[in-house]
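Okay, here's what each chain looks like letter by letter:
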Amino acid sequence: MALYLKAAQILEKAEKKQGALKTLVYDSKFSNIKQLFALACETQKYSCVLQQIIESTKLLKHTKLKMPLAKVLVYDLLMGQGLKCGGSWKSAMMKHRPRLQAELARMKVRQKVSRNEDLLPASAQQSDQHQLPRYVRVNTLMTTVEDVMDCMKRDGFTYLGQAVRLDNLNLKGKNFVRDLHLPELLAFSPKTDFHDHFLYKAGHIILQDKASCLPAHLLNPPPGSHVLDACAAPGNKTSHLAAIMKNKGRLFAFDLDAKRLATMSTLLLRAGVTCHQLANQDFLKVDPDCPQYKDVEYILLDPSCSGSGMMCLRDNAPADEEKEEARLASLASFQLRCLNHGLRFPRLKRLVYSTCSIHRQENEEVIAACLKENPGFRLVRLLPQWPERGLEPLSQCLRASVTTTLTHGFFVALLEKHKDAERVKNTPGVQKSNVEVTPSDSSVVEGEPAALVENSDPEEKLTSAAAETETSPNKKKRKKRKNKQKTTEKAD
Ligand SMILES: C[S@@+](CC[C@H](N)C(=O)[O-])C[C@H]1O[C@@H](n2cnc3c(N)ncnc32)[C@H](O)[C@@H]1O
């Protein structure tokens with residue numbers, strides 16, 4: 001039956017992080033969107049429980065069904081409204097119904113609970129309570145924040161002003177605010193749905209979580225610059241970069257997955273992006289010395305990750321710890337290779353690294369390893385007022401979470417090339433002091449990209465001043481060395 005097949009396809013795509021569940025449902029063009037959304041959402045919520053039932057009853061072996069479809073059918077049979085299909089699926093499911101029901105009952109007895117929802121992992125139960133605001137990024141390539149706000153007011157929404165504290169983002173009913181960190185971001189109450197709104201369909205607004213807006217905002221490439229988005233599909237960050245660049249300059253975007261890239265192409269068209277050049281290519285095989293990329297100064301790297309920060313994916317965490325450790329190690333090694341590769345672009349100034357993972361292995365550990373291997377780069381301290389920092393000692397980076405920042409779980413680091421990177425590379429003594437990753441390390445630059453300065457914190461200024469004083473003698477030595485070098489060159 002079409003409903004079950006569609007729901008299974010959507011669940012599979014959501015698990016592979018090919019898009020948010022809601023977006024996938026709305027993009028499916030299914031005739032009964034509400035019915036499909038309810039089924040996919042509930043099946044996803046109970047995914048962990050359903051998987052256990054299916055595995056302990058060996059349903060896949062007995063029926064030859066694939067896991068996503070089996071989950072949808074078992075959900076509707078045991079917890080939903082009863083199977084609405086006929087034919088071979090119905091007869092297979094009815095044959096196994098007593099065993100499936102018995103397994104569900106056994107799970108409840110084992111966990112000493114009576115309701116289905118009590119079987120959900122704590123994180124999934126929590127996610128019901130901690131609903132995130134509906135964030136709307138205004139696409140400044142197509143419209144202005146003011147025009148979108150006026151349109152929302154005409155649609156019956158009430159504007160409460162610019163948020164000044166995070167708890168101003170806890171909204172109810174038809175209220176909305178402007179975000180306190182990102183100028184083109186509006187926040188609405190969690191249940192607000194804009195998938196059918198004409199502004200969304202026309203590409204004037206992008207439905208993007210606040211944390212996912214941070215990388216492009218922090219990289220902040222100026223109009224006219226050459227920018228590279230290394231792992232770009234489905235392209236929300238690419239369109240954000242294009243908006244910041246005002247469609248001026250060159251925006252190279254790569255992705256390995258042709259299907260995701262095709263979706264991205266449609267989305268970029270809808271968003272009015274024109275400065276991009278898409279390529280279905282492995283970023284690790286892009287030659288940094290190729291003349292086409294010689295002027296790339298900014299890179300956004302948002303590589304594949306575990307997705308452990310995405311609220312909707314948390315209940316899918318595999319139970320096998322060893323397997324999970326191996327998966328994280330392999331992801332971290334891929335992420336580090338991408339980072340190291342990105343830093344090889346000859347004119348690179350800044351690279352922003354982000355993941356929607358909450359694991360240290362994919363975040364701080366990757367950055368620390370990269371700093372060790374690339375002494376010519378250092379971390380930029382980001383948004384001093386942001387409440388959740390990278391785990392010590394990398395507090396220059398940002399973390400985001402449902403509870404502290406009212407976003408999905410996320411991590412962002414900004415690496416910047418030292419002005420004197422070449423000299424650092426060639427000076428063993430200086431190189432050594434750069435590889436220690438400590439809070440007072442010289443691989444850390446205090447300060448903000450020009451457009452990001454928030455209310456400055458006196459303590460921050462003191463630290464910068466101290467860092468400046470500390471490095472002064474080194475500066476003098478370097479100057480002396482430079483003069484000496486010049487003299488030698490002249491003599492040559
Ligand atoms: C986290 S997603 C990127 C999301 C995207 N930045 C956005 O905001 O819409 C990671 C992407 O990296 C792609 N990818 C994985 N390995 C890659 C590689 N070696 N080269 C290029 N893209 C890769 C995946 O296909 C996937 O689309």
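Here the structure is a predicted model, which means the values were calculated and not measured. (Residues numbered from 1 in each chain as written. Predicted model: local features only at pLDDT ≥ 70, side-chain atom pairs only at ≥ 80, totals over all residues.)

With respect to the overall build of the chain
Regarding its fold elements, the chain presents 19 helices and 14 strands. Split into buried and exposed, the 492 residues of the chain put 39% on the buried side. In the chain, the proportion of contacts linking residues at least 24 apart, taken out of those at least 6 apart, comes to 70%. (Helix = DSSP H or I, 4+ residues; strand = E, 2+ residues; numbered from the N terminus. Buried ≥ 20, exposed ≤ 12 C-beta atoms within 10 Å, placed from the backbone. Contact = placed C-beta atoms within 7 Å.)

Considerations on unusual backbone geometry
In most cases, non-glycine residues show a negative phi, while peptide bonds are predominantly trans. Between Ala-233 and the following residue, Pro-234, the backbone shows a cis peptide bond with an omega angle of 10°. Geometrically, the link from Glu-392 to Pro-393 is a cis peptide bond, its omega value of 5° lying close to zero. Despite not being glycine, Lys-58 shows a phi value in the positive range, around 50°. Relative to the assigned elements, Lys-58 resides in the loop between helix H4 (47-56) and helix H5 (59-63).

As for the sheet that holds strand S2 (residues 158-162)
Strand order in the open sheet formed by five strands is S2-S3-S4-S1-S5, with mixed pairing between adjacent strands. Unpaired on one side and paired on the other, S2 and strand S5 (205-206) mark the two borders of the sheet. Pairing of strand S1 (residues 134-138) with S5, which is carried by two bridges, proceeds in the antiparallel orientation. Among the inter-strand pairings, Val-138 is bridged to a residue of S5, identified as Ile-205. (Pairing = 2+ DSSP bridges.)

Some words on the pairing of strand S9 (residues 296-301)
The buried fraction of S9 is high, at five of six residues. By the bridge criterion, four bridges tie strand S6 (residues 226-229) to S9 in an arrangement that is parallel. Its bridge partner being in S9, Asp-229 is matched across the sheet by Leu-300.

Digging into the UniProt feature "active site" (unreviewed entry) in the chain
According to UniProt, the "active site" (unreviewed entry) feature falls on Cys-356. Secondary-structure assignment places Cys-356 in the loop between strand S10 (350-355) and helix H15 (364-373). Judged by the 23 C-beta atoms lying within 10 Å of it, Cys-356 falls in the buried class. Excluding residues within four positions of it along the chain, Cys-356 makes contact with Cys-305, Gly-307, Gly-309, Met-310, His-408, Gly-409 and Phe-410. (UniProt positions renumbered as here; feature names shortened; annotations may be inferred.)

What about the UniProt feature "binding site: S-adenosyl-L-methionine" (unreviewed entry) in the chain?
Cross-referencing UniProt, the feature "binding site: S-adenosyl-L-methionine" (unreviewed entry) maps to Cys-231, Ala-232, Ala-233, Pro-234, Gly-235, Asn-236, Lys-237, Asp-255, Asp-282 and Asp-302 in the present numbering. When you line up the elements, Pro-234 lands in the loop between S6 and helix H12 (236-244). Residue contacts for Pro-234: discarding those within four places in its chain leaves Gly-19, Arg-260, Thr-263, Met-264 and Leu-267. Checked against the element boundaries, Asn-236 lands in helix H12. We classify Asn-236 as buried; it has 24 C-beta atoms within 10 Å. Apart from the residues within four sequence positions on either side, Asn-236 is in contact with Ile-206, Gln-208 and Ser-212.

Some remarks on the environment of Leu-261
Tracing the backbone shows Leu-261 in helix H13 (residues 258-270). Taking the C-beta count within 10 Å as the criterion, Leu-261 has 20 such neighbours and is therefore assigned buried. Between the C-alpha atom of Leu-261 and that of Ala-232, which follows or precedes it by 29 residues, the distance is 8.1 Å. Each residue touching Leu-261, except ones within four places of it in the same chain, is listed here: Ala-233, Asp-255, Leu-278 and Asn-280.

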